2 protein chains.
Amino acid sequence: MIDPARNGKSPAFDPANLWILDHDDIAALEIGAGILGTGGGGNPYVGKLRCRQALEEGLTLSILPHQAIADDALCVAVGGIGAPVVGVERIREGREGLRCLRALEDHLGVSVDAIACEEIGGSNAMEPLLVAAYAGLPVIDCDGMGRAFPEMQMTTYSIYGHRSTPSAMCDVHGNVVIFQHAASELWHERMARACVVSQGGASDLASAPMTGAFIKKFGIPNSYTQAISLGRAVKDAQRTHSDPIAAICKQEKGRWLFSGKISDLTRHLRGGFVMGDIKLDGFDAYHCQTGSILIQNENLVFHREGIMECCVPDLILVLDVDTGEAITTEMLRYGQRVAVVALPCNGLLRSDAALSVVGPAAFGFADLIYTPLEAER
Amino acid sequence: MIDPARNGKSPAFDPANLWILDHDDIAALEIGAGILGTGGGGNPYVGKLRCRQALEEGLTLSILPHQAIADDALCVAVGGIGAPVVGVERIREGREGLRCLRALEDHLGVSVDAIACEEIGGSNAMEPLLVAAYAGLPVIDCDGMGRAFPEMQMTTYSIYGHRSTPSAMCDVHGNVVIFQHAASELWHERMARACVVSQGGASDLASAPMTGAFIKKFGIPNSYTQAISLGRAVKDAQRTHSDPIAAICKQEKGRWLFSGKISDLTRHLRGGFVMGDIKLDGFDAYHCQTGSILIQNENLVFHREGIMECCVPDLILVLDVDTGEAITTEMLRYGQRVAVVALPCNGLLRSDAALSVVGPAAFGFADLIYTPLEAER
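Bear in mind that the values here come from a model prediction, so they are computed numbers and not experimental data. (Residues numbered from 1 in each chain as written. Chains lettered and ligands numbered in written order. Predicted model: local features only at pLDDT ≥ 70, side-chain atom pairs only at ≥ 80, totals over all residues. Heavy atoms only, no water.)

### Thoughts on the interface of chain A and chain B
Now for step 1: In this complex, chain A contributes 19 residues to the contact, which on the side of chain B involves 19 residues.
Now for step 2: Both sides together, the interface formed by chain A and chain B hides about 1600 Å², and carbon and sulfur atoms give 65% of it.
Now for step 3: Summed over the three residues of chain A that lose the most area to chain B, namely Asn175(A), Trp187(A) and Met191(A), the buried surface amounts to 28% of that side.
Now for step 4: Taken together, the connections running from chain A to chain B amount to 8 residue pairs in polar contact (both at pLDDT 80 or more).
Now for step 5: Of the residues in the side of chain A that touches chain B, the class split is 10 nonpolar, 8 polar and 1 charged.
Now for step 6: Bridge count between strand E8 (residues 176–181) of chain A and strand E8 (residues 176–181) of chain B: 5 bridges; the pairing is antiparallel. Bridge pairing in E8(B) places Phe179(A) opposite Val177(B). (Contact = heavy atoms within 4.5 Å. Buried area = accessible area lost by both parts, 1.4 Å probe. Polar contact = N/O pair within 3.5 Å; in protein donor to acceptor, adjacent residues only side chain to side chain. Nonpolar A, V, L, I, M, F, W, Y, C, P; charged D, E, K, R; others polar. Pairing = 2+ DSSP bridges. Helix = DSSP H or I, 4+ residues; strand = E, 2+ residues; numbered from the N terminus.)

In structure tokens:
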């Protein structure tokens, strides 16, 4: 089903290199992508159900190693765009992403060789797998964030020079919009965000093709391998009744920041984003401490006793303290018992160019200074 | 400069039929299109200045009689989209409409033969003339509203079956968006409106080509002739010190509804529209009466003493009582002395199909029953 042949060109990849995912891999991906989603990236449970259905329909969900794609291959990143809180209530029709891919191919008069992932976090890890399965293509084992971020220009692809237009956006109603040219990556985000809000808040978008050479250089490597391994580590801890939070910290070189109960929660939908603030009352080692987390779709900044301790682009995870599984921002509830864990982000997100797009100032926290969390991975 | 030749096809029109506009025509069009704009359609003064500049640059502003276009000609309607209150503050760069036309031609792989007008009201009477001048094409003497309306689906083109996608939208920043497919004309409006708001509230849009045969059947005929004649009638009345309001009523079979002073005015920008309410205290024949007008970019409903007397799709004009010139909704001020005049709309706007799109219920006034103002024109 996966056919790397291209008209007159050498193959885009060797099918022998493909990693074909099964139900266990998807179950692990749900947990791992959920954790790396740092609260966002779309609800991973809904994404898992859709992947399971695809497997049951006989479709092939396949991953191509990051460095195994040909330099001249055309790679298109596809994913969901919108507010997670909408995506979990309004289930996708299913073929939005494929329609995006086809609209983009038709518009450009090209045939795409492989699918790329914008963000490994949440259901946006699954969306490229589904589109690729429908199209008979693999997904490259990398992504543009190494986590989830709320806005489109916040990918290593855009940060390191890819122009993401022309792009194609499709929704559940059958609407198709082509963003032919954006004056900047931020303009692309603004227009696409306005459009997805008008479409109801949960659509798909396929952005302009990248070459294999570009994606091998600027994609964050091995994202799917990482997410699935992380999910397996959590499942192993659950099965052996060992501490899943400790397992996550060990696997990902993370730091356990806080354990606490959600004592207050403000959250609302504004401009197509979930904006909010979590207040935490500590327990166990953090007894008598308070913590808080600011949200824009994802967890952005962690404060302890009013002092900032970790912020974007490093990953701030809000996990169920008992199971180790992620609690996405739309699933947060008063009284939940959570662990807060910080993971170091990929080095591609720590350059000056990257920090101007994904550092705290880019989210409006101009007074916060980003201090990298321990060593880079 | 105007060249009707097309590759291998018979000419789209006979250049001998063209009416070449001069400075006097544009001055009359400013007044006439302003009046027919029923408060909206973009500020006609800004439109006039841009047309004057085009004439001074040696460009040709030309009108083709409505029935003189070939049946198989490709006609594209181009106009401004946004809130009038933005359009008057943020002057256009100037070539947005031409970029729309070129983006649409490139996208479809066609060459357009003539420009059509969406709405004869306000500066949207001028915008097609400018685009046509830059492209070396004429504008057909008709429009899709016979006035101005706030939303894109409110044209006789859309009402009588034209699908206005694919369309192209361009803004001052250089952004280009193609609405490739909309599930309905209303979806096109919703997405385009969201997009124009994200672009700052004043962009241009070129909608999918119509055939000459279609536009001859469903365009509202002779709109430019009407607007320029109306403008001349007002200028004649001003010059001869006769009553310009009476001249407008005579020329357009209108009814003088009210004379009064604006005693209260609420107006705000919401969702890319100017929404508002004008309160009037009567004078002269209307002494001791009160009137009010509801606004969405345009004047929608006139009440006298709380009872509805005229509503969309008939035209409600708010005119300077001394000069007869239109006061557009963004130029309304407390204390202005105005005449309110009602004109009957074109019969194409009075069918059941049309009233479902441009009648009072389409604007949220579900309890108002449209009663046509006197005879159709």
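Back to the text.
### Digging into the pairing of strand E9 (residues 202–206) of chain B
All names here are of chain B.
Now for step 1: Judged by how many residues are buried, E9 sits mostly within the fold: 5 of 5 residues are covered.
Now for step 2: The alternating pattern of E9 places Ala202, Asp204 and Ala206 on one face and Ser203 and Leu205 on the opposite face, and all of these are buried.
Now for step 3: As paired strands, strand E3 (residues 74–82) and E9 are joined by 5 bridges and run antiparallel to one another. By the bridge assignment for E9, Gly79 is matched with Leu205.
Now for step 4: Of the pairings in the sheet, the one linking strand E7 (residues 167–170) to E9 comprises 3 bridges and is antiparallel in character. Along E9, the bridge assignment pairs Met169 with Leu205. (Buried < 20%, exposed > 50% of the residue type's maximum accessible area, 1.4 Å probe, protein only.)

### Considering the sheet that holds strand E14 (residues 290–296) of chain B
Residues and elements named next belong to chain B.
Now for step 1: Read across the open sheet, the 7 strands follow the order E16-E15-E14-E13-E12-E18-E17; overall the sheet is antiparallel. At either end of the open sheet lies a strand with only one pairing partner, and these are strand E16 (307–311) and strand E17 (315–320). The sheet shows a mean angle of 35° between the axes of neighbouring strands, direction not considered.
Now for step 2: Bridging between strand E13 (residues 273–282) and E14 involves 7 bridges; their strand directions are antiparallel. Residue Gly276 lies in a different strand from E14, and its bridge partner there is Ile295. (Axes fitted to C-alpha atoms, helices over the stretch in contact; angles between N-to-C directions.)

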